[in-house]
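# Coordinate inspection notes
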Amino acid sequence: VAGAAAAAGRRRIGAVALTLSLALTVDFAARRIAPGPDLRTAAGRAEAGDMLLTSPLIPALAVGHRLRGRWRHRRAGGWPVPVRAVLFDRDGTLVHDVPYNGDPALVTPVPDAGPAVDRLRRSAVRVAVVSNQSGVGRGRLTPAAVAAVNRRIDELVGPFDTWRICPHAPDAGCRCRKPEPGLILDAARDLGVAPFECAVVGDIGADVDAAIAAGARPYLVPTGVTRADEISRAPAVADSLTAAVDRIVTGPTRRP
């Protein structure tokens, strides 16, 4: 408003708008700095200085991000955007969970895994697996053993278009371990689709949270290990893979 008023020669309106903008920016910076850093230290003062410098930029960048999202939304043909890829959790979702399983002989798909995945393929929906495998980071599994189990799942249920595995232990602080969004973002990139064009099917809250963090659509298929609070806060709950896939496939008509 300040810029437009100045360009139009409306100096008083421009001055009021600029003053309001500066006041809001100062308030924003103060709210960012208040919880920390510690201004008694040199490092804290340096961090506060960085916050002061970036505070005027963040609102403009946020508005730009919003406008970019609106443009992408318009180009996609409105909401809901058709699902172009479904990313499945592995253990407890596609196959019965065997903790730290490195033996392909122990792989047992859930009863409707094969038909559900086949239906997606027939509907021209890409399919992938996104799985935490902390046994590697804990030293209880080797990457080769995880790969062998994944190949067996491909034989029984797949093939899947891409696999994304997080091998890190929970305390590693990685970007990929669900509920972080890394696995989903990487899988979407592999498949050549946007995260918002993906559905994520899993059995616990970490799957749901990872999907939401990535901008994908979560579907929770509860099992005996799914907590009640995870079920109550999930945006979409299905009682089986078949039911979840039915909701995905019978959604908005897919564009060519």
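Structural notes, computed from the coordinates. (Residues numbered from 1 in each chain as written. Predicted model: local features only at pLDDT ≥ 70, side-chain atom pairs only at ≥ 80, totals over all residues. Heavy atoms only, no water.)

We now examine the packing of helix H5 (residues 113-122) against helix H11 (residues 241-249). Contact geometry of H5 with H11 gives a least axis separation of 9 Å together with a crossing angle of 10°. Classed by the angle they form, the pair H5 and H11 counts as roughly parallel. Between H5 and H11, the contacting residues are Ala113, Ala116, Arg119 and Leu120 on the first element and Leu241, Thr242, Val245, Asp246, Ile248 and Val249 on the second. Class assignment of the residues belonging to the contact of H5 with H11 gives a composition of 7 nonpolar, 1 polar and 2 charged. (Axes fitted to C-alpha atoms, helices over the stretch in contact; angles between N-to-C directions. Helix = DSSP H or I, 4+ residues; strand = E, 2+ residues; numbered from the N terminus. Parallel < 35°, antiparallel > 145°, perpendicular 65-115°, else oblique. Contact = heavy atoms within 4.5 Å. Nonpolar A, V, L, I, M, F, W, Y, C, P; charged D, E, K, R; others polar.)

Whenever strands of a sheet pair, they do so through backbone hydrogen bonds, lying parallel or antiparallel. Sheet architecture is open: 5 strands sit in the order S3-S2-S1-S4-S5, paired in parallel fashion. At either margin of the open sheet sits one strand with a lone partner, and together these are strand S3 (162-166) and strand S5 (217-220). Adjacent strand axes in the sheet meet at a mean angle of 20° when their direction is disregarded. With respect to the sheet, helix H8 (residues 182-191) is in contact with strand S1 (85-88), strand S2 (126-132), S3 and strand S4 (198-202), its orientation differing from that of S3 by roughly 160°. (Pairing = 2+ DSSP bridges.)

Another point: the pattern of salt bridges. Following the criterion strictly, the structure yields 17 salt bridges and no others. Ionic pairing is found between Arg84 and Glu197, a salt bridge with its closest N-O pair at 3.3 Å. Of this pair, Arg84 sits in the loop between helix H4 (57-75) and S1 while Glu197 sits in the loop between H8 and S4, placing them 113 residues apart in sequence. With relative accessibility at 36%, the residue Arg84 sits in the partly exposed group. Across the pair Asp190 and Arg164 runs a salt bridge, and its minimum N-O distance is 2.9 Å. (Salt bridge = Lys/Arg side-chain N within 4 Å of Asp/Glu carboxyl O. Buried < 20%, exposed > 50% of the residue type's maximum accessible area, 1.4 Å probe, protein only.)

For the rest of this paragraph, the subject is the packing of aromatic side chains. The geometry of an aromatic ring pair comes down to the distance between the two centres and the angle between the two planes. This model, assessed by the stated rule, comprises 2 aromatic pairs. Linked through ring pairs, Phe88, Phe160 and Trp163 together constitute an aromatic cluster. (Phe/Tyr/Trp six-rings, centres within 6.5 Å; stacked < 30°, edge-to-face > 60°.)

The next subject is the packing of helix H2 (residues 11-33) against helix H3 (residues 42-54). Running from N to C, H2 and H3 cross one another at 150°; their axes reach a closest spacing of 9 Å. When the interaxial angle is binned, H2 and H3 end up roughly antiparallel. Both H2 and H3 take part in a crossing whose hand is right-handed. On H3, the residues that touch Ala29, Arg32 and Ile33 of H2 are Ala48, Met51, Leu52 and Thr54. Classifying every residue of the contact of H2 with H3 gives 5 nonpolar, 1 polar and 1 charged. (Left-handed = near helix turned anticlockwise from the far one by under 90°.)

What follows concerns the layout of surface pockets. The computed volume of the largest pocket comes to approximately 490 Å³. Taken together, 24 residues make up the lining of the largest pocket; nearest its centre are Asp91, Asp97, Asn132, Arg177 and Ile204. Every element with two or more residues in the lining of the largest pocket is listed here: S2, helix H6 (134-137) and helix H9 (205-214). Residue classes in the lining of the largest pocket are distributed as 7 nonpolar, 8 polar and 9 charged. (1 Å grid on protein atoms, 1.4 Å probe; cavity = no way out; pocket = protein on both sides within 12 Å on 5 of 7 lines; lining within 4 Å. Points joined across faces, edges and corners; volume = space filled by probe spheres on them.)

Time to look at the pairing of S1. Neither face of S1 is left uncovered, since the one carrying Ala85 and Leu87 and the one carrying Val86 and Phe88 both have all their residues buried. In this sheet, S2 lies alongside S1 in parallel orientation, the contact comprising 4 bridges. Paired with Leu87 across the two strands is Ala128, which belongs to S2. Inspection of the sheet shows S1 paired to S4 by 4 bridges, in the parallel sense. Opposite Leu87, over in S4, you have Val200 as the bridge partner.

Counting residues in hydrophobic clusters, the biggest one holds 29 residues, and the most contacted among them are Val86, Phe88, Leu94, Phe160 and Leu241. For Leu241, the contacting residues outside a window of four places in its chain are Phe88, Thr93, Leu94, Val110, Asp112, Ala113, Ala116, Val201 and Val221. Judged by nonpolar contacts, the second largest core, of 19 residues, contains Cys166, Cys176, Leu191 and Cys198. (Core = buried A, V, L, I, M, F, W, Y, C linked by side-chain atoms within 4.5 Å.)

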